[in-house]
Structure formats: structure tokens, C-alpha cells
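Listed below are the residues making up each chain.
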Amino acid sequence: MSINKNNPTIGILLPPSTRGPGMIKSFPLDVAHLIAWLRKDGMDNIRLIDFRIHAINGDNFWQAKGVDLKIFNDFKRCIDHILIKEDPGIKKIAIRILKEIDWRDIKYILFSVSVLEQFSLEYLMSSLCIARELKLLRPSMKIIFFGSCPKKHIKKIMNSFIFLDAFLEDGSERSVNRY
């Protein structure tokens, strides 16, 4: 793959979480739609990083890596880790997840999150914990959240989690292109 300096590589990250009935409802179509819109506007250096696939397949990929995704179910612990005091257990898991990504040439990382789906809070916590560690490891990387979320919540998220560069408000694939 050749990299055009004017066309940076965009990573689309589907963070891991434990299997739940709401996690696979519409993501494949949404992500395919997003990639099609990006390519339509000439952004063809796109790397899809789908960590949900291991939960969907029910394999032991994360367990073999020493990653217990159930940690993201402890919402208070995750929020405390992000906003109050670093939790070594969460940090270790987030870093192990990040080590599975080929970061070569990625300038923007889009976290596909949806906070209206059933059981999506764990998916959001996973995304926030991973994004926090990513910003600490790669401060120049642009971290963008993308997905359905009420505007009032987006504003609160952006005000609370300063390591996010953007949370696109309308959830539209076109908003990613505009950003």
C-alpha cells in the first residue's frame, strides 16, 4: 500500500468488549457505509481494526493475551481510572489491546461507538479507557469518536475526557469527511 502524504492513513477501531446482544446489531453496515464515504472523497488509506470479531466468534484471543474484557463492565472503576486516579489493571489491559494494532502511518483513529445500543456502555468504557492510553502513548494522534449519541451527551463527553480530539455530533458518515 502506498501512502500519499496528503491522504493520511485513517484507522477505524472497533474496540473489544464482552459479547452482548446489542454489540453486533448494526455496526458492520455502519462501518461499511463510513468506509465507502471516506473512499468516495478520495481517502483510501483506511485500516479497519475490528477487535469485536473475537467476541462475535467466541474465540479465546483476548484470554490468551491475558486480557480480561470484563474489566470494562466496572463502570465506576473505569471512570475513576480516566478522571481521578490511574488504575494499573485497566492501564495494563488497554496497553495490551493497543499492542495488537499496526500503527504505521495512522494519523487519525476513529473509534466507532454507539451509546444508544443495548449494553453499549461497556463498549463506550472500553473505547474511553483505550483512547486515554493511546493519547498518552501517541499524543499527536487525532482521536475521534463516531457514532449515534445525543448532542447533550457528546458535549459532556468532550468536556470530561480531554484526550478526545473530536466526537462528531451528528453521527453521519459525512461528518467524518468534513472533519
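Just above, that's the structure.
A short tour of the structure in this document, coming up. (Residues numbered from 1 in each chain as written. Predicted model: local features only at pLDDT ≥ 70, side-chain atom pairs only at ≥ 80, totals over all residues. Heavy atoms only, no water.)

Let us look at the overall build of the chain. Looking only at helices and strands, the chain features 8 helices and 5 strands. At a minimum sequence separation of 6, the contacts of the chain that also span at least 24 residues come to 73%. (Helix = DSSP H or I, 4+ residues; strand = E, 2+ residues; numbered from the N terminus. Contact = heavy atoms within 4.5 Å.)

Moving on, we get to the side chain of Ser-126. Note that Ser-126 resides in helix H6 (residues 120-137). Its relative accessible area of 0% is what places Ser-126 among the buried residues. When neighbours within four sequence positions are excluded, Ser-126 is seen to be in contact with Pro-15, Pro-16 and Phe-72. (Buried < 20%, exposed > 50% of the residue type's maximum accessible area, 1.4 Å probe, protein only.)

What follows deals with the pattern of salt bridges. In the structure shown here, the tally under the stated rule is 10 salt bridges. Where Arg-132 meets Glu-86, a salt bridge forms, and the shortest distance between an N and an O atom there is 3.4 Å. Note that Arg-132 is positioned in helix H6 and Glu-86 in the loop between helix H4 (75-83) and helix H5 (88-98), a separation of 46 residues in sequence. Accessibility expressed as a relative area gives 37% for Glu-86, which makes it partly exposed. Ionic contacts of the salt-bridge type, sharing partners, join the residues Glu-86, Lys-91, Arg-132 and Glu-133 into one network. (Salt bridge = Lys/Arg side-chain N within 4 Å of Asp/Glu carboxyl O.)

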